[in-house]
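So you can see what is in the structure, the chains are spelled out below.
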Amino acid sequence: WMTTDMDTLSEIKGLIEKVAIMKDNLADNERELFDQLQQKYAEPCEIGFDDKVLLEVMLRNITVRKDLGML
C-alpha cells in the first residue's frame, strides 16, 4: 500500500508542477481548484481520491482550448 500511495503522491506533485507552468491558461474555476490542490499538497496530507484526475483534466482542458484557438 505504501508504495502505491507514494507513487500516486509523486504523480500528483508532478501534475501540480505541470499545471503550475500553464496556470495562466486555466479558467477561473479551474484556477481556484488548482490553488486549493497546490496548497493541500504543499504539506503532508491525505491523498484525495480524485485529485490526480482533476489535475489531468485541467491539463487536457488547457490543451483543448489551445487546439481550438481559445487561448
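These notes cover the structure that comes with them.

How each quantity is defined
Residues numbered from 1 in each chain as written. Predicted model: local features only at pLDDT ≥ 70, side-chain atom pairs only at ≥ 80, totals over all residues. Heavy atoms only, no water. Helix = DSSP H or I, 4+ residues; strand = E, 2+ residues; numbered from the N terminus. Buried < 20%, exposed > 50% of the residue type's maximum accessible area, 1.4 Å probe, protein only. Contact = heavy atoms within 4.5 Å. Areas by Shrake-Rupley, 256 points an atom, 1.4 Å probe, with all protein chains shown as cover. Salt bridge = Lys/Arg side-chain N within 4 Å of Asp/Glu carboxyl O.

**Things to note about the overall build of the protein chain**
- Along its length, the protein chain carries 3 helices and 0 strands.
- Order of helices (α) and strands (β) in the protein chain, N terminus to C terminus: α-α-α.
- Burial analysis of the protein chain (71 residues in total) assigns 24% to the buried set.
- Within the protein chain, contacts between residues separated by at least 24 positions form 56% of all contacts whose residues are at least 6 apart in sequence.
- Carbon and sulfur atoms provide 54% of the accessible area of the protein chain, an area that totals close to 5,200 Å².

**Section: the pattern of salt bridges**
- Counted by the stated rule, this structure contains 6 salt bridges.
- We note a salt bridge from E11 to K52, for which the minimum N-O separation is 2.9 Å. In this pair, E11 sits in helix α1 (residues 2–21) while K52 sits in helix α3 (residues 51–67), placing the two residues 41 residues apart along the sequence.
- Across the pair E30 and R65 runs a salt bridge whose closest N-O atoms are separated by 2.6 Å. With E30 in helix α2 (residues 28–40) and R65 in helix α3, the pair connects residues that are 35 residues apart, well separated along the chain. Comparing E30 with R65, the two get one shared label, buried.
- Within this structure, E11, K52 and E56 form a network of salt bridges that share partners.

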